[in-house]
Amino acid sequence: MLEQLQMCLKIMAGFLLLLLSCGCTCTSAVPHVPPEKMHEHISSLGVQPTEHILMVDTKKQILAVLHNGKIKKTYNISTSKRGTGQKINTFQTPQGLHRINEKIGHGLPHYSIFHRRQYIGTWRPQPRNQHRKDYISTRILRLEGLQPGLNKGRDRLGRIVDSETRAIYIHGTTMEWKLGAPTGKGCVHMSAADVVKLFESVPTGTLVWIH
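Source: prediction; values computed, not measured. Along each chain, the written sequence defines residue order, and numbers are assigned to residues from 1. Residue-level local features of this predicted model are given only where pLDDT is at least 70; pairs of side-chain atoms are given and counted only at 80 or more, and the full residue set underlies all totals for whole chains, interfaces and linings. To obtain the side-chain values, all non-hydrogen atoms of the structure were included, while hydrogens and water were left out.

K.L.:
How should the packing of aromatic side chains be read in this particular structure?
P.N.:
Two descriptors summarise a pair of aromatic rings, namely the distance from one centre to the other and the angle between the planes of the rings. We call Phe, Tyr and Trp rings a pair once their centres come within 6.5 Å, taking the six-membered ring for Trp, and we label the pair stacked below 30 degrees between planes, edge-to-face above 60, and tilted otherwise. Applying the stated criterion across every chain, the model contains one aromatic pair. Sitting over a ring, as applied to charges here, requires NZ of Lys or CZ of Arg to be within 6 Å of the ring centre and within 35 degrees of the ring normal. In this structure, Lys103 packs its charged tip against the face of Phe199, placed 4.6 Å from the ring centre.

K.L.:
Mind showing me how you'd approach the side chain of His41 here?
P.N.:
Mapped onto the elements of the fold, His41 is located in helix H3 (residues 38-44). In this scheme, a residue with accessible area under 20% of its type's maximum is buried, one over 50% is exposed, and one in between is partly exposed, where area comes from a 1.4 Å probe on protein chains only. Look at His41 and you get buried, because its relative accessible area is 18%. Non-local contacts of His41, meaning those with residues more than four positions away in its chain, are made with Pro31, Val33 and Trp209. Under the DSSP-based scheme used, a helix requires at least four consecutive residues in state H or I and a strand at least two consecutive residues in state E, with every element numbered from the N terminus. Contact criterion: two residues are considered in contact whenever any of their non-hydrogen atoms come within 4.5 Å of each other.

K.L.:
I would appreciate a short explanation of a positive patch on the surface in the present structure.
P.N.:
Together, Lys81, Arg82, Arg128, Lys133, Lys178 and Lys185 give the surface a local cluster of positive charge. Within the secondary structure layout, Lys178 lies in the loop between strand E8 (169-172) and strand E9 (188-190). The class for Lys178 is partly exposed, based on a relative accessible area of 31%. Patches here are clusters of residues that have more than 30% relative accessible area and form no salt bridge, with a 9 Å joining cutoff for like charges and a 5 Å cutoff for nonpolar side chains (Val, Leu, Ile, Met, Phe, Trp, Tyr). With residues, only the protein chains shown are counted as cover, and all accessible areas are computed by Shrake-Rupley using a 1.4 Å probe. The salt bridge criterion pairs a side-chain nitrogen of Lys or Arg with a carboxyl oxygen of Asp or Glu, the two atoms within 4 Å. We score Asp and Glu as negative and Lys and Arg as positive, and we do not count His or the chain ends. Each charge is placed at NZ for Lys, CZ for Arg, CG for Asp and CD for Glu.

K.L.:
Is there a simple way to think about the pattern of salt bridges in this case?
P.N.:
Should the charged atoms of two oppositely charged side chains come close, the side chains can pair. The final tally for this structure, using the stated rule, is five salt bridges. Between Arg99 and Glu144 there is a salt bridge, with the nearest N and O atoms lying 3.0 Å from each other. Of this pair, Arg99 sits in strand E4 (residues 96-104) while Glu144 is found in strand E7 (residues 137-145), placing the two residues 45 residues apart along the sequence. Residue Arg99 is classed as partly exposed on the basis of its relative accessible area of 34%.

K.L.:
Would you mind going over unusual backbone geometry with me for this structure?
P.N.:
Note: most residues except glycine have negative phi, and most peptide bonds are trans. Positioned with a positive phi, Asn89 is a non-glycine residue whose angle comes to about 70°. Checked against the element boundaries, Asn89 lands in the loop between strand E3 (70-76) and E4. The class for Asn89 is exposed, based on a relative accessible area of 62%. Although it is not a glycine, Thr138 sits at a positive phi angle of roughly 70°. Within the element layout of this structure, Thr138 appears in strand E7.

K.L.:
Sorry, what's going on with the environment of Thr93 here?
P.N.:
Tracing the backbone shows Thr93 in the loop between E3 and E4. The spatial distance from the C-alpha of Thr93 to the C-alpha of Gly83 is 6.4 Å, given a sequence separation of ten residues. Apart from the residues within four sequence positions on either side, Thr93 is in contact with Thr58, Thr79, Ser80, Gly83, Thr84, Gly85, Gln86, Gly186, Cys187 and Ile210. Under this definition, polar contacts are N or O atom pairs within 3.5 Å; protein pairs additionally need one hydrogen-donor-capable and one acceptor-capable atom, and for neighbouring residues in sequence, both atoms have to be side-chain atoms. A distance of 2.9 Å separates a polar atom in the side chain of Thr93 from the backbone nitrogen of Ser80.

Put into structure tokens, the structure is as follows:
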């Protein structure tokens, strides 16, 4: 009887390890790619590289603008305080290859506020100790995942992992003092001045690699 119980426990432990290993597939699917190898890596995914490519480093909290495999500009950002992840309602920052499929807010003032991508007014900066809400502000660069099963559509278990459905953006923040640390709910946050510069420097269709 004791031997049967021990055997059952071993089988259960093996099954749990298998489940854990399956849950880690997203991490292995999103490698760290150096800037000079980015064009090659994107081509290996069956996607044509764009003139500019944005690299979002969730560990260093930096967004880099690449041109011809070289970093031309870097910005401090803030990604999710819950880390990286693909599933809907986790409020994590998705990884992998994306593209900017929509740009919203052209010509609007700094700290314009958006609700469901619609302009609803302009926020007036307040002292840090009096400000409690982090608004989607200034500009929105809406992201579409390009890797089916990872950040587009559903994963192999049927769970929604679609970045566009999850409303993942690069956008301005009204809590700029938090930039440089992961404090958001899934999107990539930037300062008003920086997101305007980025918005004006890259066209719709620009590729974005998040790792």
